[in-house]
Amino acid sequence: MWIMPVAVITGASKGLGRALAGALAARGWDLLLDARGEGALREAAGAVSAHGTRVAALPGDVTDAGHRADLVAAARRFGGLDLLVSNASALGAEPLVRLEALSLDGVRRALEVNVVAALGLVQEALPLLRASGTGAVVAVSSDAAAEAYGTWGGYGASKAALDQLAAVLAVEEPGLRVWAVDPGDMATDLYAAAVPDDDGPRPDPAGVVPAFLRLLDERPASGRYGAPSPAAGRR
Ligand SMILES: NC(=O)c1ccc[n+]([C@@H]2O[C@H](COP(=O)([O-])OP(=O)(O)OC[C@H]3O[C@@H](n4cnc5c(N)ncnc54)[C@H](OP(=O)(O)O)[C@@H]3O)[C@@H](O)[C@H]2O)c1
């Protein structure tokens, strides 16, 4: 019997997470989807389930250890876990501000969501990912992890930390693929909250999904990858 691959995607109620969920379901993946807002998450899961695979919506905050355990337990009930996508993210300030004005609590929140929770989920998921045989982790990063853009310092520092976690995880878990992926600028609520005055054209998140699918198809070595979009800007 063919067993469907299973993925956990955090931050899947909108934006990139939702677009990726739809594309994976269309390819036969069973999915566990997370976001805090229950209504939007259930609506997204309903739409994604139209592809006929099993799609479970588990509302919760990735910073909640009990919620992370629930996500992995739900994957176990689906038969295992082949892919973990850490996509949920916090900016630390909305709109973004210069470091001199950045609230330290905001920085702590960005680190808690973007780094600590991502590591916590990996720790919870490792036994299932190792057992998969094709286990993979995608850490959704940002150009702000590598480039010094004014006002993007707290968020960028958290994404740089996420990149380093992914790089070390790849060394420690050679049986897995661990990809940190910079999706490039996308027209999403996160970008609008970060820079409300920047209404320049940006691609829809659906446009970067093929680059994520290519990673799954080609399974290149663990490392940091970009998902080039037609837009010039990247964060
Ligand atoms: N948009 C860009 O230009 C851009 C550029 C580079 C990198 N990225 C990265 O791409 C990823 C996706 O961002 P996006 O632009 O698609 O954002 P988005 O459209 O705002 O979606 C963010 C998703 O994460 C969920 N979320 C946020 N905080 C959460 C938490 N603590 N626990 C659980 N879920 C949470 C949100 O739902 P709730 O609010 O209901 O929880 C939503 O489903 C992020 O990692 C972001 O840093 C984005």
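Everything numeric in this text was worked out from a predicted model, so none of it was measured.

A.B. asks: What exactly am I supposed to notice about the overall build of the chain here?
C.D. replies: Of the regular secondary structure elements, the chain holds 7 helices and 7 strands. Listing every helix and strand of the chain by position from the N terminus yields β-α-β-α-β-α-β-α-β-α-β-α-α-β. Taking 235 residues into account, the globule formula puts the C-alpha radius of gyration at 18 Å, and the chain, at 17 Å, falls close to it. Projected onto its principal axes, the C-alpha positions of the chain cover 55 × 35 × 35 Å. Relative to its full complement of 235 residues, the chain shows a buried share of 50%. Roughly 10500 Å² of accessible area belongs to the chain as shown, and the carbon and sulfur atoms make up 55% of that amount.

A.B. asks: Where do I start with the layout of surface pockets in this structure?
C.D. replies: Leftover empty space is mapped by rolling, across the atoms, a probe with the size of a water molecule. Approximately 840 Å³ is the volume found for the largest pocket. Forming the walls of the largest pocket are 41 residues, and the residues nearest its centre are Lys14, Asn87, Ala88, Ser89 and Leu190. Counting residues per element, the lining of the largest pocket draws most heavily on helix α6 (residues 189–194), which supplies 4 residues. Taken together, the residues that form the lining of the largest pocket break down as 17 nonpolar, 14 polar and 10 charged.

A.B. asks: Sorry if this is basic, but what is going on with the nonpolar core here?
C.D. replies: Taken as a class, soluble globular proteins show a tendency for nonpolar side chains to be buried jointly. Residues Ile9, Leu24, Leu31, Leu33, Leu83, Val138 and Phe212 are the most contacted members of the largest nonpolar core, which totals 34 residues. Apart from residues lying up to four places away in sequence, Leu33 is in contact with Ile9, Ala12, Ala21, Leu41, Ala45, Val55, Ala56, Ala57 and Leu58. Counting residues in hydrophobic clusters, the runner-up holds 27 residues, among them Leu71, Ala75, Leu176 and Val178.

A.B. asks: How should the pairing of strand β6 (residues 177–182) be read in this particular structure?
C.D. replies: Within a regular strand, the side chains alternate between the two sheet faces. Within β6, 5 of the 6 residues are buried, which leaves it mostly tucked inside the rest of the structure. Direction of pairing for strand β5 (residues 136–140) relative to β6: parallel, over a ladder of 5 bridges. Residue pairing in the sheet places Val137 in a bridge with Val178 of β6. Following the backbone out of β5, through helix α5 (residues 153–172) and into the adjacent parallel β6, one traces a crossover that is right-handed. Note that β6 and strand β7 (residues 223–226) share 4 bridges and pair parallel. Looking at β7, one finds that Asp182 is bridged to Gly226.

A.B. asks: What should I look at first to understand the pattern of salt bridges in this one?
C.D. replies: Where side chains of opposite charge bring their charged atoms close, a pairing between them can arise. Inspection of the entire model under this criterion finds 12 salt bridges. In this structure, Arg98 engages Glu100 in a salt bridge whose closest nitrogen and oxygen atoms are separated by 3.2 Å. One salt-bridge network, in which partners are shared between bridges, spans Asp185, Asp198 and Arg202.

A.B. asks: It is not clear to me how helix α3 (residues 65–78) should be interpreted in this structure. Could you clarify?
C.D. replies: Residue pairs spaced three or four apart in an α-helix point in one direction, given the helix's 3.6 residues per turn. The end-to-end C-alpha separation of α3 is 20 Å, in line with the 20 Å expected for 14 residues at 1.5 Å each. All of the buried residues along α3 are His67, Arg68, Leu71, Val72, Ala74, Ala75 and Phe78. Mapping the buried residues of α3 onto a view down its axis gives an arc of 150°, with all of them on the same face. Residues of α3 that are buried sit in contact with β1 (6–9), β2 (30–35), β3 (55–59) and α4 (104–132). At the N-terminal end of α3, a side-chain oxygen is found 2.8 Å from the backbone nitrogen of Gly66, two or three residues along, and the residue is Asp64. A positive phi of about 115° marks Gly79, the residue just after α3.

A.B. asks: Before we go on, may I ask you to explain helix α1 (residues 15–26) in this structure?
C.D. replies: Taking 1.5 Å as the rise per residue, α1 with 12 residues should run 16 Å; its terminal C-alpha atoms sit 17 Å apart, in good agreement. Taken together, the buried positions of α1 are Leu16, Gly17, Leu20, Ala21, Gly22, Ala23, Leu24 and Ala25. The elements touched by buried residues of α1 are β1, β2, α2 (38–48), β4 (83–86), β5 and α7 (209–218).

A.B. asks: Just checking my understanding: could you explain the sheet that holds β2 for this structure?
C.D. replies: Strands belonging to one sheet form pairs held by backbone hydrogen bonds; the direction of such a pair is parallel or antiparallel. A sheet is described by the order of its strands in space; here 7 strands give the open sequence β3-β2-β1-β4-β5-β6-β7, paired in parallel fashion. Either end of the sheet is taken by a strand with one partner, and the two such strands are β3 and β7. Geometrically, the sheet is characterised by an average inter-axis angle of 20° between neighbouring strands, direction not taken into account. In this sheet, β4 lies alongside β1 in parallel orientation, the contact comprising 3 bridges. Bridging across to β4, Ala7 finds its partner in Leu83. Packing against the sheet, α1 makes contact with β1, β2, β4 and β5, and its axis sits at approximately 170° to β1.

So, how was this worked out
- Residues numbered from 1 in each chain as written.
- Predicted model: local features only at pLDDT ≥ 70, side-chain atom pairs only at ≥ 80, totals over all residues.
- Heavy atoms only, no water.
- Helix = DSSP H or I, 4+ residues; strand = E, 2+ residues; numbered from the N terminus.
- Rg over C-alpha atoms; globule rule 2.2 N^0.38 Å.
- Buried < 20%, exposed > 50% of the residue type's maximum accessible area, 1.4 Å probe, protein only.
- Areas by Shrake-Rupley, 256 points an atom, 1.4 Å probe, with all protein chains shown as cover.
- 1 Å grid on protein atoms, 1.4 Å probe; cavity = no way out; pocket = protein on both sides within 12 Å on 5 of 7 lines; lining within 4 Å.
- Points joined across faces, edges and corners; volume = space filled by probe spheres on them.
- Nonpolar A, V, L, I, M, F, W, Y, C, P; charged D, E, K, R; others polar.
- Core = buried A, V, L, I, M, F, W, Y, C linked by side-chain atoms within 4.5 Å.
- Contact = heavy atoms within 4.5 Å.
- Pairing = 2+ DSSP bridges.
- Right-handed = clockwise from strand over helix to strand, strands pointing away.
- Salt bridge = Lys/Arg side-chain N within 4 Å of Asp/Glu carboxyl O.
- Expected span 1.5 Å × (residues − 1).
- Arc of directions from axis to C-beta.
- Polar contact = N/O pair within 3.5 Å; in protein donor to acceptor, adjacent residues only side chain to side chain.
- Axes fitted to C-alpha atoms, helices over the stretch in contact; angles between N-to-C directions.

Shape is all these values report; function is a separate question.
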